[in-house]
Amino acid sequence: MKALGINFMQHRVIDIITAVVGAQFGDEGKGKIVDFLSENYDYVVRFNGGTNAGHTVVVNNEKFKFHLLPAGSLRVDHVILGNGMVIDPRSLLEEIEAIRKINRDLRITVSKKAHVVTDLHRLLDKAEEEKRGSMRIGTTFQGIGPAYEDKYARTGIRIEDLLNRQLIKEKLNIIIELKHDLIPDIDSSKLNELASSLLNMGKEIKEYMGDTESVLEDAYEQKRSILFEGANGTLLDIDYGMYPYVTSSNTMAGFLSCGSGFSFRKVENVIGVIKAYMSKVGGGPFPTEINGPEADRIRELGHEYGTTTGRPRRIGWLDIPLLKYSILLNDIDHLAITNVDTLGEMNEIKVCHDHEMIPNNANGKNNNNPDSGYKSFESWGKLEDVDKREILKEGFDAFPEELKIYLRYIENMTGRDIAIVSFGNNREYTVRKYDDLKI
Ligand code: IMP
């Protein structure tokens, strides 16, 4: 394959089906990679999670934050919010209003079968966290867990229910019946108010409601290109993540079928997004976590504060054993790496290649002893604007030698190609390795 000179392809490549997932604890920079790739796609689909996710995309120095709409919403024709999601209708309407200012003609389909997050779920999220005591997860308080609890208890409100006042009231009553002790202050007048507001929002959302399985099948038949955008991160997966310090949905690529109704057999590429170091919000094991001045410096340079909650993120070195685990779970074909510019500003750079903790052995040993199981790398220094312009012109060849060594090490250790590198906040600071790579 030939190294790419110019990083953007000018046309949509027809007929590709790709999934992009986070291969770490979330916040890998998926939004940026999806925004970059979405130039080549017609449809972008979300299939899990809710407003616990957050993407920030910077275009011409302006920041756009999304929680429900896929990051690809800025420039594709059609976005889909799949049934695997839990959707807060108020946030959805706010985001739709915001996106209209940027991509006025964007078509939006919201699955009728997606579940609804209400104010009750947000209250329950707080109340449940308090009850967990020392086992608290550190959730985003967005009502995600309680909404999925109702889904699986088969008492959940679905998007299509928002058109039926009687059904909304009945379902809210059941939630209160079952969980009254956790939210004792909710009386019938508050429930009536909530039901009316849900109904009103339902009327506004009606025009977007649809069956994502048939919309996607039509898109496929018409050979349109489709990008699936995973939310959160693999290590937060409800089954394979570091349970119980996980989110309440499946975050792996394989879940895209259950969460959107599109067959997994048609997906051609899986791209795993990693950050050049790691971050995590909330509790639970973090084998390569670092504390002190080094962590503080990465946090400040990389603006490592939660998009949804503003919480400072925990920081750690890149973790090869966990990355291999994510590659296995998602069957990742290619890696995309973000924030190499941030990491380059550190005097010393480390990667952990050895520890005993993988999520199904969460009681194994952390490795935050940087003297063992770590490899050190020479810093590639700050990438100045002139360096960045050179990289945009010349592609991977223009990377500093130290960065090439670091990237090659990851490739050798994982057996996967790093096909995309992002090296700055702005959308344009992303390059592909090959021009003939169909992604
Ligand atoms: P929940 O998804 O709000 O229930 O939070 C459960 C755990 O997942 C907490 O540790 C959150 O901080 C974490 N989490 C959920 N979504 C994201 C995300 O998009 N990025 C990073 N962490 C997340």
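The rules we used
- Residues numbered from 1 in each chain as written.
- Predicted model: local features only at pLDDT ≥ 70, side-chain atom pairs only at ≥ 80, totals over all residues.
- Heavy atoms only, no water.
- Pairing = 2+ DSSP bridges.
- Helix = DSSP H or I, 4+ residues; strand = E, 2+ residues; numbered from the N terminus.
- Expected span 1.5 Å × (residues − 1).
- Buried < 20%, exposed > 50% of the residue type's maximum accessible area, 1.4 Å probe, protein only.
- Polar contact = N/O pair within 3.5 Å; in protein donor to acceptor, adjacent residues only side chain to side chain.
- Near = heavy atom within 4 Å.
- Areas by Shrake-Rupley, 256 points an atom, 1.4 Å probe, with all protein chains shown as cover.
- Contact = heavy atoms within 4.5 Å.
- Axes fitted to C-alpha atoms, helices over the stretch in contact; angles between N-to-C directions.
- Parallel < 35°, antiparallel > 145°, perpendicular 65-115°, else oblique.
- Left-handed = near helix turned anticlockwise from the far one by under 90°.
- Nonpolar A, V, L, I, M, F, W, Y, C, P; charged D, E, K, R; others polar.
- Salt bridge = Lys/Arg side-chain N within 4 Å of Asp/Glu carboxyl O.
- Domains from an automatic or database assignment.
- Buried area = accessible area lost by both parts, 1.4 Å probe.

Bringing the sheet that holds strand 13 (residues 289-290) into the picture now. Taking strand neighbours across the sheet as the criterion, the three strands line up as 12-14-13 in an open arrangement whose pairing is antiparallel. One side of each edge strand has no neighbouring strand; the edge strands of this open sheet are strand 12 (278-280) and strand 13. One ladder, built from three bridges, connects strand 12 with strand 14 (residues 314-316); its direction is antiparallel. Bridge assignment links S279 to a residue of strand 14, and that residue is I315.

Once that is clear, we can look at helix 2 (residues 89-100). Structural remark: α-helix, 3.6 residues per turn; residues separated by three or four positions point the same way. The end-to-end C-alpha distance of helix 2, which contains twelve residues, comes to 17 Å, matching closely the 16 Å that a straight helix rising 1.5 Å per residue would cover. Along helix 2, the residues classified as buried are P89, S91, L92, L93, E95, I96 and I99. Sitting at the head of helix 2, D88 places a side-chain oxygen 2.9 Å from the backbone nitrogen of R90.

Moving on: the site of the ligand. Contacts to the ligand come from 16 residues, most closely from D27, N52, T140, N232 and T247. Within the backbone of G138, an N or O atom sits 3.5 Å from an oxygen atom of the ligand. Protein chains bury 97% of the 470 Å² of accessible surface belonging to the ligand in isolation.

Attention shifts here to the sheet that holds strand 18 (residues 374-378). Spatial strand order, 15-17-18: three strands in an open sheet with mixed pairing. For this open sheet the edge positions go to strand 15 (318-319) and strand 18, each flanked by a neighbour on one side alone. Across five bridges, strand 17 (residues 348-352) lies against strand 18 in antiparallel orientation. From the neighbouring strand, K350 faces strand 18, where its bridge partner is S376. Running at roughly 155° to strand 18, helix 13 (residues 401-414) makes contact with strand 15, strand 17 and strand 18 of the sheet.

Attention now moves to the packing of helix 3 (residues 119-132) against helix 5 (residues 165-179). Geometrically, a packed helix pair is captured by the angle between its two axes and the distance between the axes. Two elements in contact, helix 3 and helix 5, have axes separated by 12 Å at closest approach and are oriented at 15°. One way to sum up the angle between helix 3 and helix 5 is to call them roughly parallel. Every pair of crossing elements has a handedness; the one defined by helix 3 and helix 5 is left-handed. Residue-level inspection shows L120, H121, L124 and E128 of helix 3 in contact with helix 5, the latter providing L172, I175, I176 and K179. Residue composition of the contact of helix 3 with helix 5, grouped by class: five nonpolar, one polar and two charged.

Attention shifts here to the pattern of salt bridges. This model, assessed by the stated rule, comprises 27 salt bridges. Two residues, D119 and R90, come together in a salt bridge whose shortest N-O distance is 3.4 Å. In this pair, D119 is assigned in helix 3 and R90 in helix 2, connecting sequence segments 29 residues apart. Members of the salt-bridge network, linked through shared partners, are D27, K275, E304 and R313.

Think of interface size as the accessible area that goes away when the parts come together; that is how it is often given. According to the domain assignment, the protein chain contains domain 1 (14-108 + 212-432) and domain 2 (115-207). The C-alpha centroid of domain 2 is placed 29 Å from the C-alpha centroid of domain 1. Taking both partners together, domain 1 and domain 2 bury about 2000 Å²; carbon and sulfur atoms supply 58% of that area. When the buried surface of domain 1 facing domain 2 is broken down by residue, V86, P89 and L93 rank first, second and third, together holding 26% of it. At the junction of domain 1 and domain 2, the tally comes to two salt bridges. Our enumeration of links across domain 1 and domain 2 arrives at ten residue pairs in polar contact (both at pLDDT 80 or more).

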